[in-house]
Amino acid sequence: MGKIAIADRLRYRFDNFMSRGTVSLISGLALVSLAFILLMAFLVSLSGIAPEGGGRLSLPEAIWGVLMRTLDSGTVGGDTGWVFRFAMLFVTFGGIFVVSTLIGLLSSGIDTKLEDLRKGRSRVIETDHIVILGWSLQVFTLISELALANANRPDTCIVVLSEEDKMQMDIALADTLGKLPRIRLVCRTGSPSSMADLGMVNIQTARSIIILSPHNQRADTQLVKTLLAITSIPRSLPQPYHIVAQVQNPKSLDVINLVGQNEVEVLLTNDLISRIVVQTCRQSGLSIVYMDLLDFSGNEIYFKTEPTLQGKPYGQALLAYNNSTVIGIQHSNGTIQLNPPIERPLQANEQLILISEDDDTMQLSAHSIPPIDHQAIRLEKRESATAENTLILGWSDRVTDIIRQLDQYVASGSSVTVVAAFPEAEVDLSQETLGLQRQILEYRQGDPSDREVLENLNLTQYDHVVVLCNPDVEPEQSDAETLVTLLHLRDIANRHDHNFQIVTEILDVRNQALAQVARPDDFVISEQIISRMLAQVAEQKSLNAVFADLFNPEGSEIYLKPVDDYVAIAQPVSFYTVVEAAKQRGESAIGYRCKADANNVARAYGVVINPKKDQPITFSSQDTIILLAES
């Protein structure tokens, strides 16, 4: 290897200096400019060069004169004396080449900084904020619900970190949500599984962290990676991380619990939506009940210690509140039991679980003896369940879960038919795989939005029809296909004068109004339901155990049952009487639904949760009571 010349060494050092970025360039040129100005000022002062008719310039005056001519080339036009003019002209040329370059670099650096800000790569300096990791349709409902939950806080910051472009996120949020009072939205572009990017949003000081799940088969793998990144960052607050995450596959729970330990609250989204679809297809109005319970603008679920009721049976607690509804007990170890046995006493260190409008409305009733009309109670023997025929139109990852869960509710001899566009060889719906006990399964290949396919199904034989969204296309296209299917179904039902129940899944809540044209009996807006659950658990960690028990098929669930199974119709009765009638059946009544308002959006489709118990209600024959019951 030959000898390295000094010029090569200087060039190498210059290249390294130039590659350091804008700050280094500006600093270097600023020093060069300063050295040039001081050198020329010293020479002018030392040599005695001065304007014609003027005396020698002192060093400070020379520095000022050189600086002015360096910054403004027009200043030289007022100089007198040829020697001084030529000296200042040289200074001006130096300013053009050196200082102008510095000004250009400053302008370029500012533009680069603004571009970096637009890219969303600057650090977030926040504490006690809410961090949302990921981006999907759920983010709009999620943020609006968090805004409602934090309406009483003076200043709440919600930070969104995703791989989407910051400007596009800002525009989408502004267009969809508008201005949110008392809420500051901050968007940053980055990877939720990168420790550096998580540090950028100051995740270690966040009040709660919500991880949105992408719609792909690797969602749970990405979740594990994100959790590893979060838990590797030391917490800056004394309390542990409060992370709420969506999980697609139950098999992922073991590794997620290993990584997150007690810092992660998990929502099994596919299982939850499948169960809601199954329950709703058999009970019209159930999805409205769930939406009401999960909405921060209506009734919410609270926990309350009630010393005066300790030692008293749960049945007495059901009648103890006029403006709130008791639904269960939280044991001293934190476990949840919804609708426990009526005679079970409330023990020390246990809390009641209630539905109420606000935490200040959970006051014991002023009625020492609840106004119950025992003569109006009707506890007739119920008819045994009969076989049901269910039709599922469309395909998604939830189909097998829906069929399995439906098998737990229907009577023996029931049937389920699935119609989707895939050849039968590509779907695994064998009796052996699903392990069905009460249903006979049939699969048919066909496009659910094709009128001819629907006509050939003999729809009059079905009791329930479930229309699923297509997950392989964009949400707008998927909802459009669903709307076409709904229109055909309603038209066929009208022509054959057959009243089968139609339940449809909608991805984008903005399409609900369009879907109402086809008059389905119920909607399951999956993204909105999951978003509201995420917001509820993010605000109150213990609610996840309530939801887990509520959607557990082995515990008590929400049912809508005929009102005339409980109280007399066509005469005023108080809701105290309804609660007492349900109590005698071992159930907890939480509301009712008026059939007359089933299509009235302004009246919540007839659903009333947590009514005042002392106000009289006159029911009709098609109204239903909303209860927590085991079957």
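Model, not experiment: these values are computed from the prediction.

Asker: Where do I start with helix 20 (residues 575-584) in this structure?
Answerer: Counting along an α-helix, one turn takes 3.6 residues, and residues three or four places apart therefore face a common direction. Most of helix 20 is tucked away, with nine of its 10 residues classed as buried. Along helix 20, the residues classified as buried are Phe575, Tyr576, Thr577, Val578, Val579, Glu580, Ala581, Ala582 and Lys583. Buried-residue contacts for helix 20 involve helix 12 (314-318), strand 18 (572-574), strand 19 (588-593), strand 21 (616-618) and strand 22 (624-629). Among the residues trailing helix 20, Gly586 stands out with phi positive, at a value near 80°.

Asker: How should I be thinking about the layout of surface pockets in this particular structure?
Answerer: In this approach the atoms are scanned with a rolling probe the size of a water molecule, which exposes any empty space left behind. Taken as a whole, the largest pocket holds about 1,900 Å³ of empty space. Residue lining of the largest pocket: 50 residues in total, with Arg282, Gln283, Ser284, Gln501 and Leu560 positioned closest to the centre. Elements with a contribution of two residues or more to the lining of the largest pocket: strand 16 (522-525), strand 17 (557-562) and strand 22. For the lining of the largest pocket, the leading source of residues is strand 17, giving five residues. As a volume, the second largest pocket reaches approximately 1,300 Å³. Along the wall of the second largest pocket there are 45 residues; nearest its centre are His215, Gln248, Asn270, Asp397 and Pro471.

Asker: Can you help me understand a negative patch on the surface in this one?
Answerer: Side chains of Glu357, Asp358, Asp359 and Asp360 sit close together on the surface and give a patch of like negative charge. Structurally, Glu357 is set in the loop between strand 10 (351-356) and strand 11 (389-393).

Asker: Please explain the nonpolar core as it appears in this structure.
Answerer: Side chains of nonpolar character tend, in soluble globular proteins, to be buried together. Membership of the largest hydrophobic core comes to 83 residues, with the highest contact counts inside it found for Ile132, Ile143, Ile403, Leu429 and Ile558. Residues within four places of Ile132 in sequence aside, it is in contact with Val139, Leu142, Ile143, Leu146, Ile158, Val159, Val160, Leu161, Ile210 and Leu212. Counting residues in hydrophobic clusters, the runner-up holds 36 residues, among them Leu318, Ile329, Ile342 and Ala568.

Asker: How should I be thinking about the sheet that holds strand 7 (residues 300-304) in this particular structure?
Answerer: What holds strands together in a sheet is hydrogen bonding between their backbones, with the strands either parallel or antiparallel. Taken together, four strands build an open sheet; the order of strands is 7-10-8-9 and the sheet is antiparallel. Each edge of the open sheet carries a strand with a single partner, namely strand 7 and strand 9 (336-338). Pairs of neighbouring strands in the sheet enclose a mean axial angle of 30°, with direction left out of account. Alignment of strand 8 (residues 325-330) against strand 10, held across five bridges, turns out to be antiparallel. Bridge pairing in strand 10 places Val326 opposite Leu354. Strands strand 7, strand 9 and strand 10 of the sheet are contacted by helix 19 (residues 543-550), whose axis makes an angle of about 45° with strand 9.

Asker: Sorry if this is basic, but what is going on with the sheet that holds strand 4 (residues 208-211) here?
Answerer: One open sheet accounts for six strands, arranged 3-2-1-4-5-6; its pairing is parallel. Pairing within the sheet leaves two strands with one partner each, and these edge strands are strand 3 (183-189) and strand 6 (264-268). Direction aside, the axes of adjacent strands within the sheet are offset by 20° on average. Pairing of strand 1 (residues 130-133) with strand 4, which is carried by four bridges, proceeds in the parallel orientation. If you follow Ile130 over to strand 4, its bridge partner there is Ser208.

Asker: It is not clear to me how the packing of aromatic side chains should be interpreted in this structure. Could you clarify?
Answerer: The geometry of an aromatic ring pair comes down to the distance between the two centres and the angle between the two planes. Enumeration over the complete set of coordinates arrives at five aromatic pairs. Each ring, one from Tyr592 and one from Phe619, has its centre 5.4 Å from the other, and the planes form 85°; the classification is edge-to-face. Taken together, the residues Tyr592 in strand 19 and Phe619 in the loop between strand 21 and strand 22 connect sequence positions 27 residues apart. Of the two residues, Tyr592 and Phe619, neither departs from the other in class, the shared state being buried. A connected cluster of aromatic rings, assembled from ring pairs, spans Phe575, Tyr592 and Phe619. Across from the ring centre of Tyr559, 5.4 Å away, lies the NZ or CZ of Lys561, which sits over that ring. Over the face of the ring belonging to Tyr566 we find Arg585, whose NZ or CZ atom lies 5.2 Å from the ring centre.

Asker: Can you walk me through empty space enclosed by the protein in this structure?
Answerer: Tallying each qualifying case throughout the model produces two cavities of 30 Å³ or more. The calculated volume of the largest cavity comes to roughly 60 Å³. In this structure, the second largest cavity encloses a volume near 40 Å³. Along the walls of the second largest cavity sit Tyr290, Leu293, Leu294, Ile301, Phe547, Leu550 and Phe551, which together make up its complete lining. Among the elements that take part in the lining of the second largest cavity, helix 11 (residues 286-294) stands out by supplying three residues, more than any other. Class assignment of the residues belonging to the lining of the second largest cavity gives a composition of seven nonpolar, no polar and no charged.

Asker: I keep staring at the pattern of salt bridges and nothing clicks. Help me out?
Answerer: Once the charged atoms of two side chains with opposite charge are near each other, the side chains can pair. Scanning all chains against the criterion turns up 22 salt bridges. Across the pair Glu126 and Arg184 runs a salt bridge, and its minimum N-O distance is 2.7 Å. Of this pair, Glu126 sits in the loop between helix 4 (82-119) and strand 1 while Arg184 sits in strand 3; the two residues are 58 residues apart in sequence, bridging distant segments of the chain. The exposure class assigned to Arg184 is partly exposed, which follows from its relative accessible area of 33%. Note that Asp491 is salt-bridged to Arg451, the shortest N-O span being 2.7 Å. Taken together, the residues Asp491 in helix 16 (residues 475-496) and Arg451 in helix 15 (residues 451-455) connect sequence positions 40 residues apart. Where salt bridges share partners, they join Asp128, Arg153, Arg207 and Glu539 into one cluster.

Reading the values: rules and limits
Residues numbered from 1 in each chain as written. Predicted model: local features only at pLDDT ≥ 70, side-chain atom pairs only at ≥ 80, totals over all residues. Heavy atoms only, no water. Buried < 20%, exposed > 50% of the residue type's maximum accessible area, 1.4 Å probe, protein only. Helix = DSSP H or I, 4+ residues; strand = E, 2+ residues; numbered from the N terminus. Contact = heavy atoms within 4.5 Å. 1 Å grid on protein atoms, 1.4 Å probe; cavity = no way out; pocket = protein on both sides within 12 Å on 5 of 7 lines; lining within 4 Å. Points joined across faces, edges and corners; volume = space filled by probe spheres on them. Patch = residues over 30% accessible without salt bridge, like charges linked within 9 Å, V, L, I, M, F, W, Y side chains within 5 Å. Areas by Shrake-Rupley, 256 points an atom, 1.4 Å probe, with all protein chains shown as cover. Salt bridge = Lys/Arg side-chain N within 4 Å of Asp/Glu carboxyl O. Lys, Arg positive; Asp, Glu negative; His and termini not counted. Charge placed at Lys NZ, Arg CZ, Asp CG, Glu CD. Core = buried A, V, L, I, M, F, W, Y, C linked by side-chain atoms within 4.5 Å. Pairing = 2+ DSSP bridges. Axes fitted to C-alpha atoms, helices over the stretch in contact; angles between N-to-C directions. Phe/Tyr/Trp six-rings, centres within 6.5 Å; stacked < 30°, edge-to-face > 60°. Lys NZ or Arg CZ within 6 Å of the ring centre and 35° of its normal. Nonpolar A, V, L, I, M, F, W, Y, C, P; charged D, E, K, R; others polar.

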